[in-house]
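# A closer look at the structure
The chain contents come next:
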Protein chains: 2
Amino acid sequence: MRIIIDAFGGDFAPIEPLKGAAQAVKELGVEILAVGDIPKMEECCKKNNIDTTGIAFKQADEVFDIHEDPTKIVKEKTNTSLHIAFRALADGEGDAMVSAGSTGAILAGATLIVRRIKGCKRPAIGAVVPGLHPDGFMLIDSGANNEVRPEMLKQFAVMGSVYMEKVMGRINPRVGLLNNGTEETKGPETHRNAYSLMKEDEEINFIGNIEGRDVLMDKCDVLVADGFSGNIGMKSVEGTASFMNKMLKHMFKTNLKTKIAALLLKKQLMEFKAKLDYTEYGGAPVMGVTKGVIKAHGSSNAKAFKNAIRQAKLYAEKDVSSLIASQLAKVEE
Amino acid sequence: MRIIIDAFGGDFAPIEPLKGAAQAVKELGVEILAVGDIPKMEECCKKNNIDTTGIAFKQADEVFDIHEDPTKIVKEKTNTSLHIAFRALADGEGDAMVSAGSTGAILAGATLIVRRIKGCKRPAIGAVVPGLHPDGFMLIDSGANNEVRPEMLKQFAVMGSVYMEKVMGRINPRVGLLNNGTEETKGPETHRNAYSLMKEDEEINFIGNIEGRDVLMDKCDVLVADGFSGNIGMKSVEGTASFMNKMLKHMFKTNLKTKIAALLLKKQLMEFKAKLDYTEYGGAPVMGVTKGVIKAHGSSNAKAFKNAIRQAKLYAEKDVSSLIASQLAKVEE
């Protein structure tokens, strides 16, 4: 099993991707193809004592700028580490890939270089979000498609279910629809129609609408959303958690009593912080394309990269793309 | 100043609305017109030692069911406490009103019984949400309109700005647009066009897009949103805060050491909990109608009701509806 990584994607490239890659080689038994400027990668590994056993390098002179028009990844920015990683995946030089680069560019490259699964109307980003369930849930779409049609939401349900069942081992995954109320009549027309489509389909274990306030409460394994409100919901969760963590940190520094309390709670506070920590969960797979493409969080550290590589490995091992293709065909019949 | 309350709206009616009303009479110097079944209200006050000084009662035989079709509030359910409260407001029996009943019915009644402000394209619900700023910010629309046009989003900005300036005392309120990225080019077409409209208008202190992860970070005083993603964002914040509070509570019960820590932190933990507590903030005004209508949270306790009554009083005192009317006219010129 060989995983391709875009070693120059993300806020802490290339050091954290390369460290994560080295950990993945040791712990997961994978080989890595690291794409980027080879002299820089070699220097970084040497300087930081990163063991390069099991890591091969592939040259790319440029880095795809996060502020660049994402569609340029396909035909213009062909010399970037992200484009060359996509090309290597499409050409079979690896089984799946990981990048912490621009979400839009990863989506565009996955769709147009790696290519869509036959029958998939629109690829989506399926983020695995931490919550009450120890392994979290999949939010799909978490930001790829601002505007959706009901049939697309239904396909998100199918793709998310395959992933949660095959990669995350969740039996008969419960599917919910992110909406502004629990009743069937809630939400815009698109959501009301998607509700009916999912309810009627026996291949989908649809449990109804989920409100924003219940997203973390383990009510479903797959949370279907349009990419716009899905993105806003997910980032609101993230923002609130980070806000509260900051307030807590501040609280423990108030005086001697609170500092003693912090010492007494040391172990529990670490567990608490880990609970909503994205680094434990790896990245977000692009769902609906022919090979495994995992988008890692922009601020991923080595551990987050390693976990994203684990996801990529599982995606390829379980042949998720083929399973999605056959499941989509089944639902369309 | 006389505030009308729907004494039979909300999860804890009539006791909490009546307790809140009695507190408001004492602390805010208002008179109250409490609408509902008079014998039941009188019995409730007697049984719970609620002082009825300053509270007048108005009979309504029925209660508007929260699961009922909201539009029925206008012509069919005319015998409910909510309808009669609206009618009393429209007829000038009070200066503003408060209800913790069905959001949809409150919106419908405010729009069609109390009536829209001339020039207002669509009334919206402006929730005051707690965050880093000690007085929170206004999220408008927080759930009234699933589908919006750019001009409507612009009007939400104008109405929210008037409220935050006049009622909350925020000078030259900063307006942000809830979107899936900070760049001008982000979001669906509606949001991109609304961005341009707000940026161009000198009456609006527009500071750009706000992502979900920044909603609590005091980046703006008025957060403009379509009602669908606004609702999802707001409830996601609420859900995450409640999830984390539960986890914390659980953490402090782990063992003797954590229980001692809880004792040491008693004062700080109360402040922490209060920080994201909706009861401190009262309710959500329906913006764009000719009189003050405040929607209190469904699970409001007496304190939340009292604070919603305070909001209603300020709304009427500052004549927010007239100010909105003239500001909307100014922007339309």
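Before reading further, recall that the structure is shown in the block above.
Quick caveat, the model's predicted, so the values are computed rather than measured. All residue numbers refer to position in the chain's written sequence, counted from 1. Lettering for chains starts from A, numbering for ligands starts from 1, and both go in the order in which the items are written. Where totals are concerned, whole chains, interfaces and linings use all residues; where local detail is concerned, this predicted model gives features only for residues with pLDDT of at least 70, and gives and counts side-chain atom pairs only at 80 or more. To get the side-chain values, take all heavy atoms of the structure and skip hydrogens and water.

### Regarding the sheet that holds strand 4 (residues 96-99) of chain A
Residues and elements named next belong to chain A. Strand pairing is defined by DSSP finding a minimum of two bridges between the two strands. Only DSSP runs of H or I with at least four residues qualify as helices, and only runs of E with at least two residues qualify as strands; both kinds are numbered from the N terminus onward. Pairing within the open sheet is mixed, and its eleven strands lie in the order 3-2-1-4-11-10-5-6-9-7-8. Bordering the open sheet on either side are strand 3 (55-59) and strand 8 (206-210), each of which pairs with just one other strand. For this sheet the average axis-to-axis angle between neighbouring strands, irrespective of direction, equals 25°. Alignment of strand 7 (residues 175-178) against strand 9 (residues 222-224), held across three bridges, turns out to be parallel. Its bridge partner lying in strand 9, Leu177 is registered against Val224. To obtain an axis, a line is fitted to C-alpha atoms, over the contacting stretch when the element is a helix, and the angle between two such axes runs from 0 to 180 degrees between their N-to-C directions.

### Quick notes on the sheet that holds strand 1 (residues 2-6) of chain B
Residues and elements named next belong to chain B. Pairing in this open sheet of eleven strands is mixed, and the strands run 3-2-1-4-11-10-5-6-9-7-8 from one edge to the other. What marks the edges here is a single partner per strand, and that holds for strand 3 (55-59) and strand 8 (206-210). Shown here is a sheet whose adjacent strand axes are inclined to one another by a mean of 25°, direction ignored. In this sheet, strand 10 (residues 284-287) lies alongside strand 5 (residues 124-129) in antiparallel orientation, the contact comprising two bridges. By the bridge assignment for strand 10, Ile125 is matched with Val286. Taken strand by strand, helix 11 (residues 302-317) contacts strand 1, strand 2 (31-36), strand 4 (96-99), strand 5, strand 10 and strand 11 (292-295), and its axis lies near 155° from that of strand 4. Working rule for contacts: check all heavy atoms of both residues, and any pair within 4.5 Å makes them a contact.

### A look at the relation of the copies chain A and chain B
The two copies are related by a screw operation: chain A maps onto chain B through 180° of rotation and 0.0 Å of translation along the axis, at an RMSD of 0.0 Å. Given the turn and translation reported, the copies of this chain are related as if by a two-fold rotation axis. Copies are brought into register by a least-squares superposition over C-alpha atoms of residues with pLDDT of at least 70 in both.

### Things to note about the packing of aromatic side chains
Stacked, tilted and edge-to-face pairs are distinguished by plane angle, under 30 degrees for stacked and over 60 for edge-to-face with tilted covering the rest, among Phe, Tyr and Trp rings (Trp via its six-membered ring) whose centres lie within 6.5 Å. In this structure the tally under the stated criterion is four aromatic pairs over all chains. Measuring from centroid to centroid gives 6.3 Å for Tyr163 of chain A and Tyr315 of chain A, while their planes differ by 40°, and the two rings are tilted. With Tyr163 of chain A in helix 6 (residues 150-166) and Tyr315 of chain A in helix 11 (residues 302-317), this pair connects stretches of sequence that are 152 residues apart. Taken as a pair, Tyr163 of chain A and Tyr315 of chain A share a single burial class, namely buried. Both rings, one in Tyr195 of chain B and one in Phe206 of chain B, keep their centres 5.0 Å apart while their planes meet at 85°; by these two values the pair is edge-to-face. With Tyr195 of chain B in helix 7 (residues 189-200) and Phe206 of chain B in strand 8, this residue pair connects regions lying eleven residues apart in the sequence. Considered together, Tyr195 of chain B and Phe206 of chain B belong to a single accessibility category, that of buried residues. Accessibility here uses a 1.4 Å probe with only protein chains present; expressed as a share of the type maximum, an area under 20% marks a residue as buried, one over 50% as exposed, and anything in between as partly exposed.

### Observations concerning the pattern of salt bridges
Salt bridges, as used here, are contacts in which a Lys or Arg side-chain nitrogen is within 4 Å of a carboxyl oxygen on Asp or Glu. The full count for this structure, using the stated rule, is 34 salt bridges over all chains. Lys199 of chain A is paired through a salt bridge with Glu184 of chain A; the nearest N and O atoms lie 3.3 Å apart. Of this pair, Lys199 of chain A sits in helix 7 (residues 189-200) while Glu184 of chain A sits in the loop between strand 7 and helix 7, placing them 15 residues apart in sequence. Two residues, Glu93 of chain B and Lys58 of chain B, come together in a salt bridge whose shortest N-O distance is 3.1 Å. Of this pair, Glu93 of chain B sits in the loop between helix 4 (81-90) and strand 4 while Lys58 of chain B sits in strand 3, placing them 35 residues apart in sequence. Several salt bridges share partner residues, and in doing so they unite Arg170, Arg174, Asp218 and Asp221 of chain A into one network.

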